Amino acid sequence: MMLHRIALILLILVPVGTFSLSGEEEAGAVPSLSIGAYYYPWYEAAGAGETGWMSKALRGRLQPQQLPRLGVYGSRDPKVIGDHIAQSRRAGIDFWAVSWWGPNRREDRAFGEAILTHADAGQLKYALLYESTGRLGSMREPNYDKLLDDFAYMAERYFEHPAYLKIDGKPVVFIYLTRVYFRDRGQEALAQLREKFPRLYLVGDDVFGGRYREEDARLWDAVTAYDVYGQSMQKEGATQAGVDRLRRNYENAKKLANGVGTAFIPGIAPGYNDRAVRDGHAGRARYFTDREGSKEGDIFRSMINEVAIPLADEKAARTIMITSFNEWYEDTQIEATGGGAGVAVKDDSDTGAYYTEGERYEDYGTLYLDILREAKIPRQPALEPIRVSADGKGFVRGASNAPFAVWGVNYDHDGPGRLLDEYWEDNWETVVEDFHEIRELGANCVRIHLQFGKFMDAPEKPNAAALARLTNLVKLAEETRLYLDVTGLACYHKQNIPPWYDGLGEEERWAAQAVFWEAVAKACAGSPAIFCYDLMNEPILPGKEPADEWLAGEFGGKYFVQRISLDLRGRTREEVAESWVERMVGAIRKHDQEHLITVGVIPWVFTFGGGKPLFHGPRVGRHLDFVAVHFYPEKGEVEKALEALKAYEVGKPLVIEEMFPLKCGQEELIRFVDQSAEHADGWISFYWGQTPEELRGQEPKSMAAAITASWLETFQSHASRRKLSGTEHP
């Protein structure tokens, strides 16, 4: 990375978010869903070692227990709320329908004082689930006296909050059991509510079973079903017949509702078992009991694909509802469990099977979040490898030959400055979340930086664990449809450099580097998600006099630039550079003949105001597939940067592998992007784990975070309407 800007980056140490493109959906894609989940803020934390409220939940009665990943938590704990928001984002959930039992009740206080005030609250939207059984009295003799006052309270406190969910500009309220409280009664109270609050979007929990009436649907802006179990699995068991019954019920309800102008919102659930909190219902497995080899989560996946997606209604912004995010008492939750307790069949009842009824329950971890995420990502054709076009001047996709423009982020370190291969073992879920977020925000390429010291145990011995994690990262890239720019041989953190490495001479050092690249290429070969291998970040050579250190320029404890030789020993710079590039390329090609290779360089032509490229000149560059250069235009010198960029237009694709508004304003950098499109085939910015919304929500506020957030939003807005390199950005 260029020396003149590293100090500033490390000085502010602000995790940089990324940008999104509105972009066109690829062929075969389906419109995205709006996903809501019923959320319960009624839990009280238990003491250390105590089961607390989980004693009234199935998972707390299993042997061994299967507790939430966060333990027996309290709903007002900021760490819990933050983690629940992060889990929801991972799953692609857009909003919570939060259980509400009345003014100043614990759920109300949790919502108003803890959830909406949380630093990460802006990452989701929120609606209220009006709990009729707690506000309107008994089902036999309901009392509607509280209805208007309750909605007045909600309107005053919540409806105008920027994070409150609106459809067609109207605040959304879900009302529980409208099929009981407002069917053939309660119409007068509902009419008064509509008159006093004409701009409400009311969703009735109105659908249950195969018999539905148009006159019932007319009362609501949309209708849905909270009780999935009662009209599917309770009757049919955990079987395909249960899913089929649910679909038929919903198809009929949607047809009738749409016929009178009312929207339909399909509701689905992963399972149901409330035997630890009440009697009367049979528990149901979360896999098909009528299908040999069925696995945990199969029923939820089938409900998504066979019920929710086909019946998602454009009238309700293709919204689907999940029962639930965290209703543990009924075991409908998709919230992550600890994931380490294995599979339980026995429980702590006298018979050992009262709660499980002999079915198996898996400590499922993040399984349901990830299943739901699959639905959020539009279905797309298989990922195609990227190659150089026939004329050698641009990139195209595999067999389709469709033009491709790189639009990516450097994913080099997190907020505290840790490099990816320093935290991916212990914080893998963070990496997964970041990749999903990067893809959702619109990037198609991620540049990763691999440290030599993390991947090599000895000159001839790669580290097996690091390579295994890299393999997982490649699979993650395939799943999220993100291409990887794999930059290697990094020595950014000196403490991770093995002492034996610095003790090697040039030949031995090159040999060890070649072993590194052989191992990395072997792990990555065959995956369509590999965009390229970048041999080293900004390599340099010594001058006429020998150098003493392999690394150059410490900034904030990081070394982004290193020498490939300490002594020219009578050789020209071109001879040394070519020998090294040829050696590294040869190592990669032993295992990978397909993927592109480059070297990301400092544009010395720009820095020194003249000269010719070294690594991308005719002699050295003939071994490389495209040009990668790092540009940070200075204030008032956009034209100078553009002129220097022309020196790297050598008849090959050109990628600006790093760019950021460090020494110029946003408008000038945007002008650089606009005018460089004549020469460039890709642009890569930075992502350090936080979006513009997260940056703006940081406490304490900082100018650096605000500037970074503003730039990312500018970049997002600009890029979404641009044609890059003459092609629509994918």
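Up top is the structure.
Residues numbered from 1 in each chain as written. Predicted model: local features only at pLDDT ≥ 70, side-chain atom pairs only at ≥ 80, totals over all residues. Heavy atoms only, no water.

Visitor: How would you summarise the overall build of the protein chain if you had to cite specific residues and measurements?
Guide: Broken down by element type, the protein chain carries 26 helices and 30 strands. For the C-alpha atoms alone, the extent of the protein chain along its principal axes is close to 100 × 55 × 50 Å. The burial tally for the protein chain puts 60% of its 730 residues in the buried class. Residue pairs in contact within the protein chain that sit at least 24 positions apart in sequence constitute 77% of those at least 6 positions apart. Approximately 28100 Å² of the protein chain is accessible, and the part contributed by carbon and sulfur atoms is 48%. Between the centroid of the 85 positive side chains of the protein chain and the centroid of its 109 negative side chains there is a distance of 2 Å. (Helix = DSSP H or I, 4+ residues; strand = E, 2+ residues; numbered from the N terminus. Buried < 20%, exposed > 50% of the residue type's maximum accessible area, 1.4 Å probe, protein only. Contact = heavy atoms within 4.5 Å. Areas by Shrake-Rupley, 256 points an atom, 1.4 Å probe, with all protein chains shown as cover. Lys, Arg positive; Asp, Glu negative; His and termini not counted. Charge placed at Lys NZ, Arg CZ, Asp CG, Glu CD.)

Visitor: If you had to explain the pairing of strand β28 (residues 682-686) to someone new, which residues and values would you point to?
Guide: The buried fraction of β28 amounts to five of the five residues, a majority that puts the element mostly inside the structure. In this structure, strand β16 (residues 406-410) lies alongside β28, joined through five bridges in parallel fashion. Paired with V409 across the two strands is S685, which belongs to β28. Crossover handedness for the path strand β27 (residues 654-658) to helix α24 (residues 666-676) to β28: right-handed. (Pairing = 2+ DSSP bridges. Right-handed = clockwise from strand over helix to strand, strands pointing away.)

Visitor: Would you mind going over the packing of aromatic side chains in detail, with residue names and values included?
Guide: Under the counting rule described, the total for this entry stands at 52 aromatic pairs. Residues W53 and Y329 carry aromatic rings whose centres are separated by 6.4 Å and whose planes lie at 85 degrees to one another, so their mutual orientation is edge-to-face. You can see W53 sitting in the loop between β1 (34-39) and α2 (58-61) and its partner Y329 sitting in the loop between β10 (319-322) and β11 (343-344), a full 276 residues away along the chain. Y329 shares its class with W53; the two are buried. With 6.5 Å between their ring centres and 85 degrees between their planes, F631 and Y648 make a pair best called edge-to-face. Here Y648 lies in the loop between α23 (638-646) and β27 and F631 lies in the loop between β26 (627-630) and α23, a separation of 17 residues in the sequence. A relative accessible area of 0% places F631 in the buried class. (Phe/Tyr/Trp six-rings, centres within 6.5 Å; stacked < 30°, edge-to-face > 60°.)

Visitor: Outline the packing of α23 against α24, supporting the account with residue identities and numerical values.
Guide: Contact geometry of α23 with α24 gives a least axis separation of 10 Å together with a crossing angle of 30 degrees. One element, α23, and the other, α24, form an angle in the roughly parallel class. Handedness of the crossing formed by α23 with α24: right-handed. When α23 is examined against α24, the residues V638, E639, A641, L642 and L645 are found in contact with a partner set consisting of E668, R671, F672, Q675 and S676. For the contact of α23 with α24, the residue count by class is five nonpolar, two polar and three charged. (Axes fitted to C-alpha atoms, helices over the stretch in contact; angles between N-to-C directions. Parallel < 35°, antiparallel > 145°, perpendicular 65-115°, else oblique. Left-handed = near helix turned anticlockwise from the far one by under 90°. Nonpolar A, V, L, I, M, F, W, Y, C, P; charged D, E, K, R; others polar.)

Visitor: Explain unusual backbone geometry to me, and be specific about the residues and the numbers.
Guide: With an omega of -5 degrees, the peptide bond between Q63 and P64 qualifies as cis. The topology assignment puts P64 in the loop between α2 and α3 (78-91). With omega at 10 degrees, the peptide bond leading from T323 into S324 counts as cis. Here S324 shows up in the loop between β10 and β11. Unusually for a residue other than glycine, L177 sits at a positive phi of about 55 degrees. Even without glycine at this site, E538 takes up a positive phi of about 50 degrees. Checked against the element boundaries, E538 lands in the loop between β21 (530-537) and β22 (539-540).

Visitor: Describe in detail the side chain of T323, supporting the description with residues and values.
Guide: Relative to the helices and strands, T323 is located in the loop between β10 and β11. Look at T323 and you get buried, because its relative accessible area is 3%. Only 3.2 Å separates the side chain of T323 from the backbone oxygen of Y226, close enough to count as a polar contact. Beyond its immediate sequence surroundings of up to four residues, T323 is in contact with Y38, Y226, V228, I268, A269, P270 and T332. (Polar contact = N/O pair within 3.5 Å; in protein donor to acceptor, adjacent residues only side chain to side chain.)

Visitor: Please set out the sheet that holds β21 residue by residue, giving values where relevant.
Guide: In spatial order, the strands read β16-β17-β20-β21-β25-β26-β27-β28; together these eight strands close into a barrel with parallel pairing. Neighbour to neighbour, the strand axes of the sheet diverge by 25 degrees on average, direction disregarded. Examined bridge by bridge, β21 and strand β25 (residues 596-601) share four bridges and lie parallel to one another. Bridge pairing links C532 to L596 in β25.

Visitor: Let's hear about the sheet that holds strand β14 (residues 395-397): which residues, and what values?
Guide: Sheet architecture is open: three strands sit in the order β13-β14-β15, paired in antiparallel fashion. Bordering the open sheet on either side are β13 (386-388) and β15 (402-404), each of which pairs with just one other strand. Taken over all neighbouring pairs, the strand axes of this sheet differ in orientation by 45 degrees on average, direction set aside. Sheet topology places β14 next to β15; three bridges connect them, and they run antiparallel.

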